[in-house]
Amino acid sequence: MAEKKTTLIQVPFDKPDAYHALNMPLYHSVAFEFDSAEEMELAFTGRSAGHAYSRITNPTVQYFEKRVQALTRALSVTAMNTGMSAISNALITVSKAGANIVTSKHLFSNTMAFLFDVLAPFGVEIRTCDLTNPDVVRQHIDENTCAIFLEIITNPQLEVADLGKLGVIGKEAGVPLIADSTIVPFTHYPARELGVNIEVLSSTKYLAGGGTSLGGLIIDYGNFNWKQSKTLGEFAQQYKAFAFTKKLRSEVHSNLGCYMTPHAAYMQTLGLETLGLRYKTQAENTLVLAKKLSITPGIVSVNYPGLPGHPFHEVAKQQFGELTGAVLTFSLENRQACFSFLNKLKLVRRATNLFENKSLAIHPASTIFGNFKSEQLEQMNIDERAIRLSVGLEDVEDIYQDIVQALQ
Ligand SMILES: *Cc1c(COP(=O)(O)O)cnc(C)c1O
């Protein structure tokens, strides 16, 4: 961790800055000029590292990618303009008509809608099952499975799958494990060691910090043998370990046009520098609150994997340590009680987003999941009585007191 603290702050630029700027300057330019037609040809055909056009690469965004790469020691990092574009671009890269993705119905609402409403009509089968049961996952994989996709802690059910076991199942079957790690930052759990091959996340959340900008990351750990892949086998003949990154960069991301903007990269690079401090404080606040709320009158139940006795406590502790993110949910009597609670909050803000500096509360069933039918909500395990609380950096006692007064 000592090493990570320093790596969070100190990563040199690729080239010395002309003005010796201490922060990576914001290169807000779409195009980059070349000294000769020959150099232009090399850059446009990917044979030199020069920047040509900011939909493809940009120096400020590339520096942000480099910072994440230094922390993860990944083979490649690609910064996207939202978490959703990271998820969609990664899954499009590995899939094709006739292939299937093994996943769960316990997913972030837009991810669920992307899979079923956008990807499935192109002929990609979405197979959902209980990802917390490794045997069931094994049964759902066949010769056309192109990925196992999951959230390391699901939002908002806070279900935790055993990554190590799924990693082994994926490896045996020649199927990459693609994980959305939005709820616990990559600096705070050993993704590669647990068998994650591709990590995707919404950097809008912890990395941006103050909720300043949207962003997403696709992290390729380089630990999957793409020759085994049902969809990238041909690419792997030529590009070996780089097959996924090559396909993503040259065919998917460049043509879908979802690259991170330089402005977002600038802000999120600064956000990254304080990530360790913020995560520690926010997650510690969350554990304190989870314990206090569990014995607070008016609260029916509290859901936080960091709580001893939580159904996924052991597996969460093993993978993420004592702190399992800075979000919890709790249930009240009914939907009306949830609305009344939200309306009485004074300090905690009524807003969606996770891991802002400020604490935020929302009723997921009527908002983020408001457009799903009641039977879908049931399958997704979205509880009508649940409040989701994203815990901020305030004094934990102040957050608790606000909750207590709003329960009156
Ligand atoms: C917020 C979130 C996303 C989507 O990220 P955006 O940056 O809003 O596109 C995806 N997955 C999870 C788990 C999230 O919480």
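Residues take numbers from 1 onward in each chain, read along the sequence in its written order. Only residues with pLDDT of at least 70 are given local features in this predicted model, and only at 80 or more are side-chain atom pairs given and counted; all residues enter the totals for whole chains, interfaces and linings. Side-chain metrics rest on all non-hydrogen atoms present in the structure, leaving aside hydrogens and water.

Visitor: Please give an account of the site of the ligand that cites residues and values.
Guide: For each residue, the test is whether any non-hydrogen atom lies within 4 Å of the molecule or strand; if one does, the residue is near. Looking at the ligand, there are 13 residues lining it, with Gly83, Asp180, Ser202, Thr204 and Lys205 nearest. Within the contact set of the ligand, an oxygen atom lies 2.8 Å away from a backbone nitrogen or oxygen of Gly83. Note that a nitrogen atom of the ligand is positioned 2.7 Å from one of the side-chain N or O atoms of Asp180. Under the convention used here, a 1.4 Å probe and the Shrake-Rupley method define accessible areas, while residue burial counts only the protein chains that appear. Relative to its free-state accessible area of 390 Å², the ligand is covered by the protein chains to the extent of 91%. What qualifies as a polar contact is a pair of N or O atoms within 3.5 Å, subject to a donor-acceptor requirement within protein and to the restriction that residues adjacent in sequence count only when both atoms come from side chains.

Visitor: Quick rundown of the side chain of Ser202? Include the residues and the values.
Guide: As for its position among the elements, Ser202 is in strand 6 (residues 198–202). We call a residue buried when its accessible area falls under 20% of the maximum for its residue type, exposed when it is over 50%, and partly exposed in between, using a 1.4 Å probe and counting protein chains only. Taking relative accessible area as the criterion, Ser202 reaches 10% and is therefore assigned buried. Any two residues whose heavy atoms approach within 4.5 Å are treated as being in contact. If near-sequence neighbours (up to four positions away) are discounted, Ser202 is found in contact with Gly83, Thr182, Gly215 and Gly216. Each helix is a run of H or I in the DSSP string that is no shorter than four residues. Each strand is a run of E no shorter than two, and both are numbered from the N terminus.

Visitor: Could you give an account of the domain arrangement of the chain, with specific residues and numbers?
Guide: Those domain boundaries reflect an automatic or database domain assignment. Structurally, the chain comprises domain 1 (2–263) and domain 2 (276–407). Averaged C-alpha coordinates put domain 1 and domain 2 at centres separated by 28 Å. Domain 1 puts 34 residues into the contact, and the matching count from domain 2 is 32 residues. Note: buried area is the sum, over both parts, of the accessible area (probe 1.4 Å) each one loses when the two are combined. Summed over both partners, the interface of domain 1 with domain 2 comes to about 2800 Å²; 65% of that surface belongs to carbon and sulfur atoms. Considering only the surface of domain 1 that becomes buried against domain 2, Leu158, Val160 and Tyr206 emerge as the three largest contributors, covering 23% of it. Throughout this description, the term salt bridge denotes a Lys or Arg side-chain nitrogen within 4 Å of a carboxyl oxygen of Asp or Glu. Connecting domain 1 to domain 2 are 0 salt bridges. Counting across the domain 1 and domain 2 interface gives 11 residue pairs in polar contact (both at pLDDT 80 or more). Put simply, the parts of the chain that give the side of domain 1 that touches domain 2 at least two residues each are helix 5 (109–119) and helix 7 (163–173). Its residues placed into classes, the side of domain 1 that touches domain 2 shows 18 nonpolar, 12 polar and 4 charged. Following the grouping adopted for this structure description, the nonpolar residues are Ala, Val, Leu, Ile, Met, Phe, Trp, Tyr, Cys and Pro, the charged ones are Asp, Glu, Lys and Arg, and the polar ones are all others, Gly among them.

Visitor: I'd like a rundown of the pattern of salt bridges, residues and numbers included.
Guide: Counted according to the given criterion, the structure contains 14 salt bridges. What emerges from the salt-bridge pattern is a single network uniting Glu125, Arg127 and Asp142.

Visitor: How would you summarise the pairing of strand 5 (residues 177–180) if you had to cite specific residues and measurements?
Guide: The side chains of a regular strand alternate between the sheet's two faces. Across the two faces of strand 5 the burial is the same, with Leu177 and Ala179 and Ile178 and Asp180 all buried. DSSP-based pairing: two strands are paired if at least 2 bridges between them are found. Note: strand 4 (residues 145–151) against strand 5, 4 bridges, orientation parallel. Looking at strand 5, one finds that Ile148 is bridged to Leu177. When the strands point away from the viewer and the path from the first strand over the helix to the second turns clockwise, the crossover is right-handed. For the crossover from strand 4 across helix 7 to strand 5, the handedness is right-handed. Across 3 bridges, the pairing between strand 5 and strand 6 is parallel.

Visitor: Can you tell me about empty space enclosed by the protein, naming the residues and giving the values?
Guide: Note on definitions: the grid is 1 Å and covers protein atoms alone; a cavity is a set of points where a 1.4 Å probe fits but cannot get out; a pocket is an open set with protein on both sides within 12 Å along at least five of seven lines; lining residues have an atom within 4 Å of a point. Grid points are joined across faces, edges and corners, and a volume is the space filled by probe spheres set on the points. Inspection of the entire model under this criterion finds 2 cavities of 30 Å³ or more. Within this model, the largest cavity holds a volume of roughly 40 Å³. Lining the largest cavity we find Ser104, Leu131, Leu150, Glu151, Thr154, Glu159 and Ala161. Here the lining of the largest cavity is built from residues that sort into 3 nonpolar, 2 polar and 2 charged. In this structure, the second largest cavity is lined by Ser181, Thr182, Val184, Pro185, Leu201, Ser202, Lys205, Tyr206 and Leu207. Taken together, the residues that form the lining of the second largest cavity break down as 5 nonpolar, 3 polar and 1 charged.

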